[in-house]
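Per-entry structural report
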Amino acid sequence: MLQQVKDGSSLWEKEGQNSHYNCLPSSCSAAFTILLKRSSVKHSSEVLKNLNKFYKRKEIQRLGAENGLDARLFHQVFISFRKYIMESSSVSADLHIILNDICCGAGHVDDLFPFFLRHAKQIFPMLDCMDDLRKISDLRLPPNWYPDARAIQRKIIFHAGPTNSGKTYHAIQRFLSAKSGIYCGPLKLLAHEIFQKSNDANVPCDLVTGEERVYANEDARQAPHIACTIEMCSTNTPYEVAVIDEIQMIRDPARGWAWTRALLGLCAEEIHVCGEAAAIDLVTELMYTTGEEVEVRNYKRLTPLTVLDYALESLDNLRPGDCIVCFSKNDIYSVSRQIEARGLECAVIYGSLPPGTKLEQAKKFNDPDDPCKILVATDAIGMGLNLCIKRIIFNSIVKPTINEKGEKEIDSITTSQALQIAGRAGRYGSSFKQGEVTTMHRDDLMQLKEILSEPVRPVKAAGLHPTPEQIEMFAYHLPDATLSNLIFARQFSRNEPLTFDWLCRHTKWPLAAPKNIKELVHLEAVHDVFDLYLWLSYRFMDMFPDAVLVRDIQKKLDDIIQVGVCNITKLIRASQSAAAPGTAEVVSEDFPLSRTRRDIRAVSDRRVKSTEALSIAVEVPGERRAKNLKAYQSATRQEDLKSHGRGSLANRLLREGLLTREMLRQLESEWQDQHRNGRYGLGSKRDDQSSSKETGKKKK
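As a starting point, this report considers the structure included with it. Note that the coordinates shown come from a computational prediction; the quantities given were computed from them, not determined experimentally.

This part covers the overall build of the chain. Scanning the chain for helices and strands turns up 29 helices and 17 strands. Out of the 700 residues belonging to the chain, those deemed buried represent 46%. Sequence separation of at least 24 residues holds for 73% of the intrachain contacts in the chain that already meet a minimum separation of 6. In the form shown here, the chain has an accessible surface area of approximately 37300 Å², with 53% of it arising from carbon and sulfur atoms.

A few words now on the side chain of R551. In this fold, R551 is placed in helix α22 (residues 547-566). Despite its burial, R551 pairs with no opposite charge, the nearest such side chain being E212 at 4.4 Å. Side-chain polar atoms of R551 contact the side chain of Y538, separated by 3.1 Å.

Attention now goes to helix α15 (residues 355-366). Its twelve residues give α15 an end-to-end C-alpha distance of 16 Å, which sits within 8% of 16 Å, the value for a rise of 1.5 Å per residue. Those residues of α15 lying buried are T357, K358, Q361, A362, K364 and F365. Buried residues of α15, viewed axially, fall in a sector of 160°; they line one side. Against the buried residues of α15 lie α11 (188-200), β10 (322-325), β11 (346-349), β12 (374-377) and α22.

Moving on: the sheet that holds strand β8 (residues 294-298). A sheet is described by the order of its strands in space; here eight strands give the open sequence β4-β3-β5-β2-β6-β7-β1-β8, paired in mixed fashion. Edge positions in the sheet fall to β4 (213-214) and β8, since each has one partner strand and no second. Two strands pair when backbone bridges link them, and strand β1 (residues 155-160) and β8 are joined in this way by five bridges, in the parallel orientation. Counterpart to I157 in the pairing with β8 is E295. Contacts from helix α10 (residues 167-177) reach β1, β2 (181-185), β3 (205-208), β5 (225-229), β6 (238-244) and β7 (267-275), with the element oriented near 160° to β7. On top of the sheet, helix α13 (residues 280-290) reaches β1 and β8; it is set at about 165° to β8, its chief contact.

Below, the discussion takes up unusual backbone geometry. Going from W509 to P510, the amide bond is cis rather than trans, its omega being 5°. With respect to the element layout, P510 can be found in the loop between α20 (500-507) and α21 (517-537). In the Ramachandran plot, E246 falls in the positive-phi region, its phi being about 55° despite a non-glycine side chain. Along the polypeptide, E246 turns up in the loop between β6 and α12 (256-265).

The biggest cluster of nonpolar side chains holds 44 residues, and the ones touching the most others in it are L318, I324, I339, W509, F530 and L557. Every element with two or more residues in this core is listed here: α14 (329-341), β11, β12, α20, α21, α22 and α23 (568-578). In terms of residue count, the dominant contributor to this core is α21 (eight residues). Ignoring any residue separated from it by four or fewer positions in sequence, one finds L557 in contact with W509, L511, L523, V526, H527 and F530. Y239, I247, M249 and I271 belong to the second-largest nonpolar core, a separate cluster that totals 38 residues.

So, on to the pairing of β12. Burial along β12 is two-sided: I374 and V376 and L375 and A377, pointing in opposite directions, are all buried. Where β10 lies against β12, four bridges are found, and the strand directions are parallel. Note that in β12 the partner of D322 across the bridge is I374. Regarding the hand of the β-α-β motif, the stretch spanning β11, α15 and β12 is right-handed.

So, on to the environment of D94. Within the secondary structure, D94 sits in helix α6 (residues 93-103). There is a polar contact of 2.7 Å between the side chain of D94 and the side chain of S92.

Turning our attention to the sheet that holds β11. Spatially, the six strands line up as an open sheet ordered β9-β16-β13-β10-β12-β11, and their pairing is parallel. With one partner strand each, in any of the chains shown, β9 (305-307) and β11 form the two edges of the open sheet. Taking the axes of each pair of neighbouring strands and ignoring which way they run, one obtains an average angle of 20° across the sheet. Examined bridge by bridge, β11 and β12 share four bridges and lie parallel to one another. Among the inter-strand pairings, I349 is bridged to a residue of β12, identified as A377. Together, β9, β13 (391-394) and β16 (435-439) form the strand contacts of helix α17 (residues 442-453), whose direction differs from that of β16 by roughly 130°.

In this section: the state of the cysteines. Taken as a whole, this structure holds zero disulfides when the rule is applied. In this model C323 remains outside any disulfide bridge; the closest cysteine sulfur is found in C326, 8.6 Å from its own.

What follows covers the packing of aromatic side chains. Going through the model one piece at a time under the given rule, you end up with ten aromatic pairs. Ring geometry for F81 against F116: centres 5.5 Å apart, planes inclined by 85°, an arrangement best described as edge-to-face. Here F81, found in helix α5 (residues 71-87), pairs with F116, found in helix α7 (residues 113-123); they are 35 residues apart in sequence, far enough to count as distant. With a centroid separation of 6.2 Å and 75° between ring planes, the pair formed by W509 and F530 is classed as edge-to-face. Here the residue W509 occupies a position in the loop between α20 and α21, and F530 occupies one in helix α21, the gap between them amounting to 21 residues. Accessibility classification places W509 together with F530 in one group, the buried group. A network of ring pairs unites the aromatic residues F54, Y55, F74, F78, F81, F113 and F116 as a single cluster. Of note, R213 hangs over the ring of Y538, and the distance from its end group to the ring centre comes to 4.2 Å.

In contact at an axis separation of 11 Å, α20 and α21 are set at 160° when each is read in the N-to-C sense. On the basis of the axis angle, α20 is roughly antiparallel to α21. Where α20 crosses over α21, the two elements pack in a sense that is right-handed. Facing F500, L503 and T507 of α20, the residues of α21 in contact are V526, V529, F530 and Y533.

With that out of the way, let us pick up the side chain of D531. Looking at the secondary structure, you find D531 in helix α21. Given the relative accessible area of 14%, D531 is considered buried. Within the structure, D531 has its side chain in polar contact with the side chain of Q554 (distance 2.9 Å). Those residues in contact with D531 that sit more than four places away from it in its chain are K188, E211 and Q554.

Assignment of secondary structure puts A512 in the loop between α20 and α21. Taking relative accessible area as the criterion, A512 reaches 53% and is therefore assigned exposed. Among residues more than four places away in sequence, those in contact with A512 are L523 and I560.

On to the pairing of β1, then. In terms of burial, β1 is largely enclosed, as five of its six residues are buried. Bridging between β1 and β7 involves six bridges; their strand directions are parallel. Directly across from K155, in β7, lies its bridge partner E270.

So, how was this worked out
Each residue is numbered by its place in its chain's sequence as written, counting from 1. With pLDDT at 70 or above as the cut-off, local features in this predicted model cover only qualifying residues; side-chain atom pairs require 80 or more to be listed or tallied, and sums for whole chains, interfaces and linings still use all residues. Excluding hydrogens and water, the side-chain figures rest on all heavy atoms present in the structure. For the purposes of this entry, the term helix denotes a DSSP run of H or I that reaches at least four residues, the term strand denotes a run of E that reaches at least two, and both are numbered from the N terminus. The classification of residues rests on relative accessible area computed with a 1.4 Å probe and restricted to protein chains. Under 20% of the type maximum is buried, over 50% is exposed, and intermediate values are partly exposed. Every residue pair with non-hydrogen atoms within 4.5 Å of one another is taken to be in contact. To be clear on the numbers: accessible area is Shrake-Rupley with a 1.4 Å probe, and residue cover counts the displayed protein chains and nothing else. As used throughout, the charge tally considers Lys and Arg to be positive and Asp and Glu to be negative, leaving His and the chain termini uncounted. Throughout this description, the term salt bridge denotes a Lys or Arg side-chain nitrogen within 4 Å of a carboxyl oxygen of Asp or Glu. Polar contact is defined as a pair of N or O atoms within 3.5 Å, subject to the rule that within protein one atom must be able to donate a hydrogen and the other to accept it, and that residues adjacent in sequence are counted only when both atoms are side-chain atoms. To estimate how far a helix should reach, multiply one less than its number of residues by 1.5 Å. The directions from the helix axis to the C-beta atoms are what the arc is built from. Pairing between strands is defined by DSSP: at least two bridges between them are needed. The axes are straight lines fitted to the C-alpha atoms, using for helices just the contacting stretch, and the angles between their N-to-C directions are given from 0 to 180°. Nonpolar core, defined: a set of buried Ala, Val, Leu, Ile, Met, Phe, Trp, Tyr and Cys residues in which side-chain atoms within 4.5 Å join the residues together. Convention used here: a crossover is right-handed provided that the path from the first strand, over the helix, to the second strand proceeds clockwise when the strands point away from the viewer. Throughout, disulfides are identified as pairs of cysteine sulfur atoms within 2.5 Å of each other. Centres within 6.5 Å are what make two rings of Phe, Tyr or Trp a pair, Trp counting through its six-membered ring; a difference in plane orientation under 30 degrees is then read as stacked, over 60 as edge-to-face, and the rest as tilted. Throughout this description, the term charge over a ring refers to an Arg CZ or Lys NZ atom that lies within 6 Å of the ring centre and within 35 degrees of the ring normal. Here the angle decides the label: under 35 degrees means roughly parallel, over 145 means roughly antiparallel, 65 to 115 means roughly perpendicular, and every other value means oblique. Should the near helix be turned anticlockwise from the far one by less than a right angle, the crossing is left-handed, and should it be turned clockwise, the crossing is right-handed.

Here's what the structure looks like:
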């Protein structure tokens, strides 16, 4: 029987389809449904027992696997199949008969497999074309995806070196001297910089990003040179020279595929790759698969970089050209407020600011005639901005990250990240001929030195992504699960375009200048919405038709955000004064600089999982590393008393923003209720039992 139903066909279908089961007229289905309903109470438990028996049979599981059902899919199909049989009122007549025969002992549970497989193909249509889908999804030979690039012999030149070594400069010089070329960078800021530099040098160059197209020629003719974000590069257009910047990002889990695609697919006679030496081996291996050799040109840093032997320790020790690097917005707000409280002006740069605002803040900091001489920034300064920095000061050396599983972690920064950030100090050609790097806290300095002294880990893997053609083939084989339609937009708009008026109505445009930090954050989010609209407008023009109008208001919004960032200290102060009595302050003026407590194990492996994040997130000023856990905890308690002896635990939590007065009142009320009911704190069962025993003794 099993051999005959292996491919999903039933025994009677194999025997010429002359069985009486298939000869039943369709009108009999209703009669069988009535029959089943009359006997459902009697037979439902028997049917369920036989279905479970069917599910557990190894032969059935093997047949499922041969037809494309792995253990997970097999289980999902069975749950759906069982529900269909037990609850549906439209079960087919032939399935009724098979179930009845099995319950009466005249059939075998294996006879259910053809119906089970038919049900599986209804809920997982790819089972019908599994062989084709396997071929389409074969990602083992990505060089073969780009026949145009394989048709020419390309010259690969790897410009390897640290930050501020001139590696990108030499590649760009070759780009400018070529008859045609393409620059592929990781950021809009970098693409915009090359776009401007090219046109200033009388080399017509277009700008192409996910949200924007800017033509060098007034008649919108394509220029021979293009500066683009790496995801937007064309693998069909021939060029004389291509530049791929920051090649080490090929390992990035989210965006690495774009570097792989550019490296394998660009149709250029010369490919100039710029980045860390850690990526040389991987690039060489990838080029081995295409039959192309890699020429490596090594560069050394053009200006010296010194790791200082002392930490800053106090903002009173700041001097012109200093940049304090933080890894969270809250730290940015806190530090900038305390700097300006000392009568100093500071520029602010962080990741969620619009590109125009970042450029304006950088311009303000770089201007020798501007009184702003201090910069407070996140690691967003690591690439894309030319800054006149004398000294980099790490406010912390731990950074919140999200791993490949989407889990939050707090890691110490990697050697690559530390070098990328520290390398911004003492830029060649700036007013500072030497760069310096240190930390805000003394006990971070030793670990920073260890991080910087370690070799950068070699890049071991490259990101990979299916080509548009592969995705289209999937959509062709699975028409009911198409990937080519913007489902959410069409569902939401009922197939009507999302117009300028629609967008203004939902974002409440026009928007006023922010009066506090909350409003500034909201404006940044609206800017991201405009960015998304523009990105979609180039891919679904019929649904997002008003790109020109949206770009105009996005520029206006950028100006509004710039005003807010320039007055960030006033916004923080306004947030504090406008806060309700039960709301925690944004920043406390008399509160010392906060720092992140690191788990004792982070010293050795520099990795703290999300389950430990609570202990890490507690901010303790002036903490010192202890030799063991007990000493560590003891020292922490002593430092708490020294730093916060002027108030109770509740007051300290209020000052740190970890507790509001409303939460405090609620906790107090709950505590009183538990106290009245004989429960204390977490309500230990042992305490409750001993309490009840004592009460019993007193009664006796």
